[in-house]
Amino acid sequence: MIRVVEANFVKSASKIEQSPTVEIPEVAILGRSNVGKSSTINSLTERKGLAKSSNTPGKTKLINFFQVAFQEDDNKYIFSLVDLPGVGYAKVSKTQKKEWEAELLRFIGKRKISLFIYLIDSRHPDLEIDKGVVEYLHTISDMVLPVYTKTDKLKKSEFHKLKAKNRDSLLISNQKGDGVADLRKRVVESLFTENEN
Ligand SMILES: Nc1nc2c(ncn2[C@@H]2O[C@H](COP(=O)(O)OP(=O)(O)O)[C@@H](O)[C@H]2O)c(=O)[nH]1
Ligand SMILES: [Mg+2]
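Remember, it's a predicted structure, so these values are computed and weren't measured experimentally. (Residues numbered from 1 in each chain as written. Chains lettered and ligands numbered in written order. Predicted model: local features only at pLDDT ≥ 70, side-chain atom pairs only at ≥ 80, totals over all residues. Heavy atoms only, no water.)

**Structural notes on the pattern of salt bridges**
- Counted by the stated rule, this structure contains five salt bridges.
- Here Glu-26 ties to Arg-111 by a salt bridge, and the two come within 3.0 Å at their closest N and O atoms. Of this pair, Glu-26 sits in strand E2 (residues 26-31) while Arg-111 sits in the loop between helix H2 (94-110) and strand E5 (113-121); the two residues are 85 residues apart in sequence, bridging distant segments of the chain. Arg-111 matches Glu-26 in its accessibility class, with the two residues each being buried. (Salt bridge = Lys/Arg side-chain N within 4 Å of Asp/Glu carboxyl O. Helix = DSSP H or I, 4+ residues; strand = E, 2+ residues; numbered from the N terminus. Buried < 20%, exposed > 50% of the residue type's maximum accessible area, 1.4 Å probe, protein only.)

Below, the structure is given as structure tokens:
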């Protein structure tokens, strides 16, 4: 069992230039506004208020950096977790939206991100915007993990259908905690097993 032994807020940045330099593997969490990025960070780290979760779409325009340590037996896994502003904002102007999206792409292009966790609302699994971003991420990295959130909102049959259709993805509920231990395991495997040399 993987335990969370450390989870700290490091810094918020509104521009890439303000981002901290990291010497440890970096995991980026992306997804549309309100999909559950902050909640997933809180579940992953078992810290309820670490990332601020809000009901107002598009509120988080900052890039937030956290440092996390997991431990399993005698192995300690330290990495940086980045909460990125959501894509597809509902309540901002087109110009503002374009600016943020450009900034987001610039950020992704500049960092050495070891794993992209892309969150998708399990109730709306086939949105064009999500497909577009996932496709883009695959062009820049072969470490892209799609994760479906809010599975507590699905009927059992919908859950099984989604799972059968997306065998390489994870399905989680931040409300119930389902799938979160699996997500920790995937993070460790992605960062510290396959890439180790
Ligand atoms: N039912 C349910 N609600 C969730 C889940 N994850 C997040 N939420 C809720 O969805 C809203 C947006 O979550 P948040 O983490 O702020 O999304 P973000 O904008 O992507 O950071 C909040 O009201 C959360 O409580 C989940 O797995 N299940
Ligand atoms: Mg958020």
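Back to the text.
**Focus on H2**
- Taking 1.5 Å as the rise per residue, H2 with 17 residues should run 24 Å; its terminal C-alpha atoms sit 24 Å apart, in good agreement.
- Listed in full, the buried residues belonging to H2 are Trp-100, Glu-103, Leu-104, Phe-107 and Ile-108. Across the axial projection of H2, the buried residues extend over an arc of 135°, all falling on one side. Exposed and oriented more than 90 degrees from the buried face of H2 are Lys-94, Thr-95, Lys-98, Glu-99, Gly-109 and Lys-110.
- Turning to H2, the residues buried within the fold contact E2, strand E3 (63-72), strand E4 (75-83), E5 and helix H3 (128-140). (Expected span 1.5 Å × (residues − 1). Arc of directions from axis to C-beta. Contact = heavy atoms within 4.5 Å.)

**Observations regarding the pairing of E3**
- Judged by how many residues are buried, E3 sits mostly within the fold: eight of 10 residues are covered.
- Pairing of strand E1 (residues 3-13) with E3 involves nine bridges; the strand directions are antiparallel. Looking at E3, one finds that Ser-12 is bridged to Asn-64.
- Strand direction decides the pairing type here: E3 and E4, joined by nine bridges, are antiparallel. For Gln-67, the partnering residue across the bridge sits in E4 and is Ser-80. (Pairing = 2+ DSSP bridges.)

**Regarding the site of ligand 1**
- Among the 17 residues in the neighbourhood of ligand 1, the closest are listed as Asn-34, Lys-37, Ser-39, Asp-152 and Asn-174.
- Take Asn-174: an N or O atom from its main chain is 2.7 Å from an oxygen atom of ligand 1.
- One of the side-chain N or O atoms of Gln-175 is found 3.1 Å from a nitrogen atom in ligand 1.
- Protein contacts shield 85% of the accessible area of ligand 1, which totals 580 Å² for the unbound molecule.
- Of the residues assigned to the shell around ligand 1, the class counts are one nonpolar, 11 polar and five charged. (Near = heavy atom within 4 Å. Polar contact = N/O pair within 3.5 Å; in protein donor to acceptor, adjacent residues only side chain to side chain. Areas by Shrake-Rupley, 256 points an atom, 1.4 Å probe, with all protein chains shown as cover. Nonpolar A, V, L, I, M, F, W, Y, C, P; charged D, E, K, R; others polar.)

**What about unusual backbone geometry?**
- One non-glycine residue with positive phi stands out, namely Asn-34, at about 75°.
- In this structure, Asn-34 sits in the loop between E2 and helix H1 (37-45).
- In this model, Lys-150 sits at a positive phi of 60°, which is unusual for a non-glycine residue.
- Inspection of the secondary structure assignment puts Lys-150 in the loop between strand E6 (144-149) and helix H4 (156-165).

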